[in-house]
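Here's the letter readout for the chains.
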Amino acid sequence: MPVDLIEIPDVPEYRHVKYAVCVNGQSMEPLYCDGDILLIEPTEDIEIGETGIFIVDGQSYVKKRQKDYLESVNPDPKYTDIPLSEDSCCLGKVVDRLKSE
């Protein structure tokens, strides 16, 4: 997995941000676009309706958390809900994004 160092702006809203990830795909458009950099606050769970980073069946996802599934915001029907299981885990909450260039 490639790793690049970026500078996270020094603002109070980002005080708990520990890492950033790059969006790969269109399932969260128009909220997050392919290539956007997401700032992540590590946490083991997030509130329903918040967006986070999740591992489900060995795959990582940026999705909106619902009660028992992960939701894409793109209305295209090819982006289906992803059921949560006992083995699913949350790696962090999306705090903000830095636009792709």
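Further up the page is the structure itself.
Residues numbered from 1 in each chain as written. Predicted model: local features only at pLDDT ≥ 70, side-chain atom pairs only at ≥ 80, totals over all residues. Heavy atoms only, no water.

Chemist: Tell me about the side chain of threonine 51, and please be specific about residues and values.
Modeler: Note on placement: threonine 51 falls in strand 3 (residues 51–56). For threonine 51, a relative accessible area of 9% corresponds to the buried category. Ignoring anything within four residues of it in the chain, the contact list for threonine 51 reads Met28, Leu31, Tyr32, Ile46, Val62, Lys63, Lys64, Lys93 and Val94. (Helix = DSSP H or I, 4+ residues; strand = E, 2+ residues; numbered from the N terminus. Buried < 20%, exposed > 50% of the residue type's maximum accessible area, 1.4 Å probe, protein only. Contact = heavy atoms within 4.5 Å.)

Chemist: Outline the side chain of aspartate 36, listing residues and values.
Modeler: Along the chain, the position of aspartate 36 falls in the loop between strand 1 (19–22) and strand 2 (37–42). By relative accessible area, aspartate 36 is classed as buried at 1%. Side chain to side chain, aspartate 36 and arginine 97 meet in a polar contact 2.8 Å long. (Polar contact = N/O pair within 3.5 Å; in protein donor to acceptor, adjacent residues only side chain to side chain.)

Chemist: Which residues make up the environment of threonine 43, and what values go with them?
Modeler: Along the polypeptide, threonine 43 turns up in the loop between strand 2 and strand 3. Sequence separation of threonine 43 and cysteine 33 is 10 residues, and the distance between their C-alpha atoms is 23 Å. Each residue touching threonine 43, except ones within four places of it in the same chain, is listed here: Cys90, Leu91, Gly92 and Lys93.

Chemist: Help me get a handle on the sheet that holds strand 3, residues and values and all.
Modeler: Strand order in the open sheet formed by seven strands is 1-2-7-3-4-5-6, with antiparallel pairing between adjacent strands. Of all strands in the sheet, those with a lone pairing partner are strand 1 and strand 6 (82–83), marking the two edges. Alignment of strand 1 against strand 2, held across four bridges, turns out to be antiparallel. Considered in strand 2, the bridge of tyrosine 19 is made with isoleucine 40. (Pairing = 2+ DSSP bridges.)

Chemist: Explain the pattern of salt bridges to me, and be specific about the residues and the numbers.
Modeler: All chains considered together, the criterion is met by three salt bridges. The salt bridge partner of arginine 65 is aspartate 45, with a shortest N-O separation of 3.2 Å. Taken as a pair, arginine 65 in strand 4 (residues 59–65) and aspartate 45 in the loop between strand 2 and strand 3 lie far apart in primary sequence, 20 residues in all. Residue aspartate 45 is classed as partly exposed on the basis of its relative accessible area, which comes to 46%. Between lysine 93 and glutamate 50 there is a salt bridge, with the nearest N and O atoms lying 3.4 Å from each other. Placement of lysine 93 in strand 7 (residues 89–98) and of glutamate 50 in the loop between strand 2 and strand 3 is noted, with a sequence separation of 43 residues between them. (Salt bridge = Lys/Arg side-chain N within 4 Å of Asp/Glu carboxyl O.)

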